[in-house]
Amino acid sequence: MTEQRPVTQTYAVSGMTCEHCVRAVAEELSALPGVEEVRVDLAAGTATVTSSDALPVETVRAAVDEAGYELAGGVA
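Residues numbered from 1 in each chain as written. Predicted model: local features only at pLDDT ≥ 70, side-chain atom pairs only at ≥ 80, totals over all residues. Heavy atoms only, no water.

Caption draft 1: Up close: the overall build of the chain. For the chain, the helix and strand inventory stands at two helices and four strands. Listed N to C, the secondary structure of the chain is β-α-β-β-α-β in terms of helices and strands. Computed over the C-alpha atoms, the radius of gyration of the chain is 12 Å, within 12% of the 11 Å expected from 2.2 N^0.38 for a compact globule of 76 residues. C-alpha extents for the chain along the principal axes are approximately 45 × 20 × 20 Å. Out of the 76 residues belonging to the chain, those deemed buried represent 41%. (Helix = DSSP H or I, 4+ residues; strand = E, 2+ residues; numbered from the N terminus. Rg over C-alpha atoms; globule rule 2.2 N^0.38 Å. Buried < 20%, exposed > 50% of the residue type's maximum accessible area, 1.4 Å probe, protein only.)

What follows is the structure in structure tokens.
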């Protein structure tokens, strides 16, 4: 049996201006099923999510929206 490797995806997030923003986005993304790690880079305006499976972009968009910010698109 082959071992499943985690999937890492980076998204552009607009509207973040402070550490509170970073925490809000990280909290919402961390709550998604299968998410193992979230790194939010305020200066770059990105959120990098590592999960057990690729997350549907609409699921990520909804979580970022719930935090009060806007998903500007996938980066890589």
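So that's the structure; there's more coming.
Caption draft 2: Broad picture of the nonpolar core. If you look at the biggest cluster of nonpolar residues, it comprises 22 residues, and the most contacted ones within it are Val 13, Val 25, Leu 29, Val 40 and Tyr 69. Per-element tally for this core: the top contributor is helix α1 (residues 19-30), with six residues. Ignoring any residue separated from it by four or fewer positions in sequence, one finds Leu 29 in contact with Val 35, Val 38, Ala 47, Val 49, Val 60, Ala 63 and Val 64. (Core = buried A, V, L, I, M, F, W, Y, C linked by side-chain atoms within 4.5 Å. Contact = heavy atoms within 4.5 Å.)

Caption draft 3: Quick look at the packing of α1 against helix α2 (residues 57-67). Direction vectors running N to C along α1 and α2 enclose 140°, while the axes themselves pass 8 Å from each other. Here α2 runs oblique to α1, going by the angle between their axes. For the pair α1 and α2, the sense of crossing is right-handed. Residues Ala 24, Val 25, Glu 28 and Leu 29 of α1 pack against Val 60, Ala 63, Val 64, Glu 66 and Ala 67 of α2. Within the contact of α1 with α2, the residues separate by chemical class into seven nonpolar, no polar and two charged. (Axes fitted to C-alpha atoms, helices over the stretch in contact; angles between N-to-C directions. Parallel < 35°, antiparallel > 145°, perpendicular 65-115°, else oblique. Left-handed = near helix turned anticlockwise from the far one by under 90°. Nonpolar A, V, L, I, M, F, W, Y, C, P; charged D, E, K, R; others polar.)

No statement about biological role is implied by the geometric values presented.
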